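Descriptive structure summary
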2 protein chains.
Amino acid sequence: MAALPTNLVIIGTGRVAEALIRFLSTRKGLNICVIGRNSARLKEIQLKYNVVISENLNDSAVEWAIVAISDDALKDVISKVKAKWISLTAGTADWRLYGENCSILYPLQSFSANADIQLENIPFIIDGDTSSISNLEKWTDLLSLKAQQFDLEKREKLHVVAVFLNNFVHHIMAKGIDLAKNYEINPEIFEALISETFNRFDMENPYSQQTGPAERKDEVTLEKHRKYLLDGNLSLYNMLSMSIKAIKDAEL
Amino acid sequence: MAALPTNLVIIGTGRVAEALIRFLSTRKGLNICVIGRNSARLKEIQLKYNVVISENLNDSAVEWAIVAISDDALKDVISKVKAKWISLTAGTADWRLYGENCSILYPLQSFSANADIQLENIPFIIDGDTSSISNLEKWTDLLSLKAQQFDLEKREKLHVVAVFLNNFVHHIMAKGIDLAKNYEINPEIFEALISETFNRFDMENPYSQQTGPAERKDEVTLEKHRKYLLDGNLSLYNMLSMSIKAIKDAEL
């Protein structure tokens, strides 16, 4: 019967690394070593969690290392990792470039500095050669994490969708709140509207609940709005209104 | 001591009208008549709520009428309403065009067909001449609704922000889910990401939690994503990425 490796190394001290450390450090019988270059962050992590810390990649000579560092640092670091199995948290990385013992363990979530995200609720995407996938399936199962396999192309596509649903939505909301402040409107007034925007979104029929002047092709209101918008905000307004109208046209 | 009018007319049978009817029809001592042109909808409403119905605008000869109809029908209908005080739910309407007894009672929310929105939690924007505002302040207070006064320009600006936070955010989410379906990815996988996008949005510092390749100016990933996007989706991707980069530049 397969077991979880007793000794696990986590390489990195960023948001994804910390989410993994928070989750794994409460697990009985699991010895975790966190390896990073930032001494101050390492000491912070040592104070918060039940882990040992190291600045030396030689300490990665264990069965399983999870590498949670920025994409551009990957190539340089992975060649120095001495673990038997190496998993990368980078969603769009090509594990084939880094050798057969490399695999992907990508949590589909956007991690902020302070949010206490429950990893049990997040989909983990795994990829790698047959034996890596077999290991990752066993280990995520033992850790009560939900894993499913996606190849490189599907992971890249997943990433594009995530950019729309997280980065772009965040940006549009930020633009809205920024405009409110410029207009001297207290942003708190929009709290119920923001909640409703999310609560009623229909994953099955995503366009079905679209409302607003662009959806109604109400040119009078669209023109009224434009007089309060400048430059980049006006371009965004026009492009998004056009995009909403195009969906409406396609439905007719 | 001022009291709520005993007889109230609601003109319209759409989503906003129904939300008002649902809320007001449970109020003791308040007789509600719903006036509309759509007999089928009127009968539906009569079956669901404790109200009388009518197709005749002459039945609006009461103290207070709330007109909840589409903007383009306003002009034609209002001239026929016989109530002493007339309130319009249209956010960007100019009450001055419709006479001194006309005022604005605009719920800042997007109403869908099935959602059971709690009006007590929604900001109501009021506007009108001094005596209308005085009435609306008393009546909303008696009804436990939260009201604040905004003049026409401020209501128009409020509406622009609402378009960003509701219509545009909805559209970007719909685009994301549509792409997922085209890529043969089950949209359910994005549920935790969508929740987190909203949960961690910071109204105080709206751009502070922005993440993603555009925020990092990671041109390699941006280029990788573009190969999966066509036409309108590619234009949206480029414009939103540019807009995110422009905010980043302004912060430096």
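Here the structure is a predicted model, which is why all the values come from computation and not from measurement.

Here we take up the relation of the copies chain A and chain B. Rotating chain A by 180° and translating it 0.0 Å along the rotation axis places it on chain B, where the RMSD comes to 0.0 Å. Such a combination of rotation and displacement between the chain copies is what one expects of a two-fold axis. Scanning chain A for the C-alpha nearest the rotation axis identifies Val169(A), at a separation of 2.8 Å. Here 100% of the interface residues in chain A have copies in chain B that are interface residues too; the copies meet face to matching face.

To continue, consider the interface of chain A and chain B. Counting residues at the interface gives 84 residues for chain A, matched by 84 residues for chain B. Regarding the contact of chain A and chain B, the summed buried area is about 8400 Å², with carbon and sulfur atoms giving 71% of it. The tally of links between chain A and chain B comes to two salt bridges. In this structure, the connection of chain A to chain B is made through 36 residue pairs in polar contact (both at pLDDT 80 or more).

Our focus in this paragraph is the sheet that holds strand S4 (residues 64-67) of chain B. All names here are of chain B. The eight strands are arranged S3-S2-S1-S4-S5-S6-S7-S8 in an open sheet whose pairing can be described as mixed. Looking along the sheet, the strands with just one partner apiece sit at the ends: strand S3 (52-54) and strand S8 (146-149). Going across the sheet, the axis of each strand differs from the next one's by a mean of 25°, ignoring polarity. Across four bridges, the pairing between strand S7 (residues 123-127) and S8 is parallel. Each bridged residue has a counterpart across the sheet, and for Pro123 the counterpart in S8 is Lys146. Together, strand S2 (31-35) and S3 form the strand contacts of helix H2 (residues 39-48), whose direction differs from that of S3 by roughly 170°. Docked against the sheet, helix H3 (residues 71-78) engages strand S1 (7-11), S4, strand S5 (85-88) and strand S6 (102-107), running at close to 170° with respect to S5.

It is at 11 Å that the axes of helix H8 (residues 231-251) of chain A and helix H8 (residues 231-251) of chain B come closest, and there the two elements cross at 155°. Here H8(A) is positioned roughly antiparallel relative to H8(B), judged by the angle of their axes. The interaxial crossing formed by H8(A) with H8(B) has left-handed handedness. When H8(A) is examined against H8(B), the residues Ser235(A), Leu236(A), Met239(A), Leu240(A) and Ser243(A) are found in contact with a partner set consisting of Ser235(B), Leu236(B), Met239(B), Leu240(B) and Ser243(B). Taken together, the residues of the contact of H8(A) with H8(B) sort by class into six nonpolar, four polar and no charged.

A separate point is the sheet that holds strand S3 (residues 52-54) of chain A. In sheet architecture, strand pairing relies on hydrogen bonds along the backbone and comes in two forms, parallel and antiparallel. Residue and element names in this part refer to chain A. In spatial order, the strands read S3-S2-S1-S4-S5-S6-S7-S8; together these eight strands make up an open sheet with mixed pairing. Two strands in the sheet have a free side with no partner beyond their single neighbour: S3 and strand S8 (146-149). Adjacent strand axes in the sheet meet at a mean angle of 25°, parallel and antiparallel pairs treated alike. Pairing of strand S2 (residues 31-35) with S3, which is carried by three bridges, proceeds in the parallel orientation.

Here we take up the packing of helix H7 (residues 219-226) of chain A against H8(A). Residue and element names in this part refer to chain A. The interhelical angle for the contact between H7 and H8, taken along N-to-C directions, is 165°, at an axis separation of 11 Å. In terms of orientation, H7 and H8 fall into the roughly antiparallel class. As for how H7 packs across H8, the hand of that crossing is right-handed. Residues Glu219, Leu222, His225 and Arg226 of H7 form the contact with H8, whose participating residues are Leu234, Tyr237, Asn238, Ser241 and Lys245. Looking at the contact of H7 with H8, its residues break down into three nonpolar, three polar and three charged.

The next point concerns the side chain of Thr221(B). Here Thr221(B) lies in helix H7 (residues 219-226). Discounting chain neighbours no more than four positions away, the residues touching Thr221(B) are His159(A), Pro213(B) and Tyr237(B).

Further remarks concern the domain arrangement of chain A. All names here are of chain A. Domain boundaries assigned for chain A yield domain 1 (7-150) and domain 2 (156-251). Each of domain 1 and domain 2 has a C-alpha centre, and these two points are 36 Å apart. Taken residue by residue, the interface counts six residues in domain 1 and five residues in domain 2. Of the roughly 480 Å² buried between domain 1 and domain 2, counting both surfaces, carbon and sulfur atoms make up 75%. When residues of domain 1 are sorted by the area they lose upon contact with domain 2, Thr92, Tyr106 and Leu108 head the list and together hold 65% of the total.

A separate point is the pairing of strand S7 (residues 123-127) of chain A. Residues and elements named next belong to chain A. Of all five residues in S7, five are buried; the element is thus mostly enclosed. Side chains Pro123, Ile125 and Asp127 project from S7 onto one buried face, and the interleaved Phe124 and Ile126 project onto a second face that is buried too. Looking at chain direction, strand S6 (residues 102-107) and S7 are connected through four bridges and run antiparallel. Following the sheet pairing, Leu105 is matched in S7 by Ile126. For the handedness criterion, the β-α-β arrangement of S7, helix H4 (residues 130-142) and S8 is classed as right-handed.

Right, let's get into the packing of aromatic side chains. The tally for this structure, following the rule as stated, stands at eleven aromatic pairs over all chains. Both rings, one in Tyr183(A) and one in Tyr228(A), keep their centres 6.3 Å apart while their planes meet at 70°; by these two values the pair is edge-to-face. Residue Tyr183(A) is located in the loop between helix H5 (152-182) and helix H6 (191-199), and its partner Tyr228(A) is located in the loop between H7 and H8; the two are separated by 45 residues in the primary sequence. Tyr228(A) shares its class with Tyr183(A); the two are buried. Ring centres of Tyr237(A) and Phe164(B) lie 6.4 Å apart, and the angle between their planes is 40°; this geometry places the pair in the tilted category.

Relative to the helices and strands, Tyr237(A) resides in helix H8. Of the residues examined, Tyr237(A) reaches a relative accessible area of 0% and is grouped as buried. As a C-alpha pair, Tyr237(A) and His225(A) span twelve residues in sequence and 8.9 Å in three-dimensional space. Contact partners of Tyr237(A), with chain neighbours within four places excluded, come to Pro213(A), Leu222(A), His225(A), Arg226(A), Leu229(A), Val163(B), Phe164(B) and Phe168(B). Side-chain polar atoms of Tyr237(A) contact the side chain of His225(A), separated by 2.7 Å.

About the cut-offs
- Residues numbered from 1 in each chain as written.
- Chains lettered and ligands numbered in written order.
- Predicted model: local features only at pLDDT ≥ 70, side-chain atom pairs only at ≥ 80, totals over all residues.
- Heavy atoms only, no water.
- Least-squares fit on C-alpha atoms with pLDDT ≥ 70 in both.
- Contact = heavy atoms within 4.5 Å.
- Buried area = accessible area lost by both parts, 1.4 Å probe.
- Salt bridge = Lys/Arg side-chain N within 4 Å of Asp/Glu carboxyl O.
- Polar contact = N/O pair within 3.5 Å; in protein donor to acceptor, adjacent residues only side chain to side chain.
- Pairing = 2+ DSSP bridges.
- Helix = DSSP H or I, 4+ residues; strand = E, 2+ residues; numbered from the N terminus.
- Axes fitted to C-alpha atoms, helices over the stretch in contact; angles between N-to-C directions.
- Parallel < 35°, antiparallel > 145°, perpendicular 65-115°, else oblique.
- Left-handed = near helix turned anticlockwise from the far one by under 90°.
- Nonpolar A, V, L, I, M, F, W, Y, C, P; charged D, E, K, R; others polar.
- Domains from an automatic or database assignment.
- Buried < 20%, exposed > 50% of the residue type's maximum accessible area, 1.4 Å probe, protein only.
- Right-handed = clockwise from strand over helix to strand, strands pointing away.
- Phe/Tyr/Trp six-rings, centres within 6.5 Å; stacked < 30°, edge-to-face > 60°.

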